[in-house]
Amino acid sequence: MRNIPIVISGPSGVGKGTIVKELLKKDPTLVESVSMTTRAPRPGEVSGKTYIYVTKEEFERRIAEGDFLEYDEHFSGLYGTPRSFVEEQLQKTSVILEIDVVGGLNARKLLKDTLLIFIDPPSIEELVERLKKRGTESEQALRERLQRVKYEVHMREQYDYKVLNDDLNRAVDEILAILEKERKKEGDQDD
Ligand code: ADP
Ligand code: 5GP
């Protein structure tokens, strides 16, 4: 089996975080990259688990030191993937990066064999419903997230796979099947 970087992207509220949690439960060999961000934690989010929360100054210092594999600014915040964790883990296993479309395409330029998976909502109405039901966003944050949906959906064409998150278990099983197929493909890291 190859060790590959697996990018999971899609509009805010589509279910990326929920899907990744299930993937990690169903395939304990997978590990998730924990991103760094300047956005404030939502209630219930734990630093070091959901994200590593830092100030803008700290984030910029890390950019200058080349600590990020990729980073991007969106929704009035900076988000980035710490490079060393991903590179170390890829020596041992496959790594999931739950990052936006810009980050996904940048990661692919830097990391060999990066697999890009885009999660589609059943409809825009259902996406809005999920975001509102989650209840974690202010009016302003909700507006920012919905404004970016069109851009993300436009970029999805560059992704290797598109998976519809209609039923959670079905979507997770579809991704696991994709991962099994892709990890079995021939590559330099085969063992
Ligand atoms: P994202 O990480 O893409 O922003 P989340 O994983 O936080 O999205 O999911 C947004 C909301 O949608 C959560 O309340 C989650 O429980 C719900 N959700 C996720 N997948 C489904 C699904 N297949 N059907 C219905 N609700 C879902
Ligand atoms: P949220 O604020 O809702 O947690 O995340 C907003 C967006 O930032 C999501 O699309 C999420 O995938 C993306 N994101 C999270 N971490 C990173 C990262 O390290 N790099 C990039 N480019 N995007 C990220």
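Note that the coordinates shown come from a computational prediction; the quantities given were computed from them, not determined experimentally.

Student: Lay out the sheet that holds strand 3 (residues 36–37) with the relevant residues and their values.
Tutor: Taking strand neighbours across the sheet as the criterion, the four strands line up as 4-3-6-5 in an open arrangement whose pairing is mixed. Two strands bound the open sheet, and with one partner strand each, they are strand 4 (52–53) and strand 5 (68–74). The pairing of strand 5 with strand 6 (residues 77–82) spans six bridges and is classified as antiparallel. Directly across from Phe 68, in strand 6, lies its bridge partner Pro 82.

Student: Please set out the site of ligand 1 residue by residue, giving values where relevant.
Tutor: Neighbouring ligand 1 are 15 residues; Gly 13, Lys 16, Thr 18, Arg 134 and Asn 165 lie closest to it. Here Arg 130 contributes a side-chain N or O atom positioned 3.3 Å from a nitrogen atom of ligand 1. Contacts to ligand 1 include Arg 134, whose side-chain N or O atom sits 2.7 Å from an oxygen atom. Contact with the protein chains covers 73% of the free accessible surface of ligand 1, which is 570 Å². For the shell around ligand 1, the secondary-structure elements that each account for two or more residues are helix 1 (16–26) and helix 5 (124–134). Sorting elements by how many residues they give to the shell around ligand 1 places helix 1 first, with three residues. The residue makeup of the shell around ligand 1, split by class, is three nonpolar, six polar and six charged.

Student: Can you tell me about unusual backbone geometry, naming the residues and giving the values?
Tutor: At Ser 76, a residue that is not glycine, the phi angle is positive and equals roughly 55°. Its location among the elements puts Ser 76 in the loop between strand 5 and strand 6. Of note, the phi angle at Asp 113 is positive, near 65°, even though the residue is not glycine. Residue position: Asp 113 is located in the loop between helix 4 (101–110) and strand 8 (115–120).

What counts and how
Residues numbered from 1 in each chain as written. Chains lettered and ligands numbered in written order. Predicted model: local features only at pLDDT ≥ 70, side-chain atom pairs only at ≥ 80, totals over all residues. Heavy atoms only, no water. Pairing = 2+ DSSP bridges. Helix = DSSP H or I, 4+ residues; strand = E, 2+ residues; numbered from the N terminus. Near = heavy atom within 4 Å. Polar contact = N/O pair within 3.5 Å; in protein donor to acceptor, adjacent residues only side chain to side chain. Areas by Shrake-Rupley, 256 points an atom, 1.4 Å probe, with all protein chains shown as cover. Nonpolar A, V, L, I, M, F, W, Y, C, P; charged D, E, K, R; others polar.

All we've got here are geometric facts, nothing functional implied.
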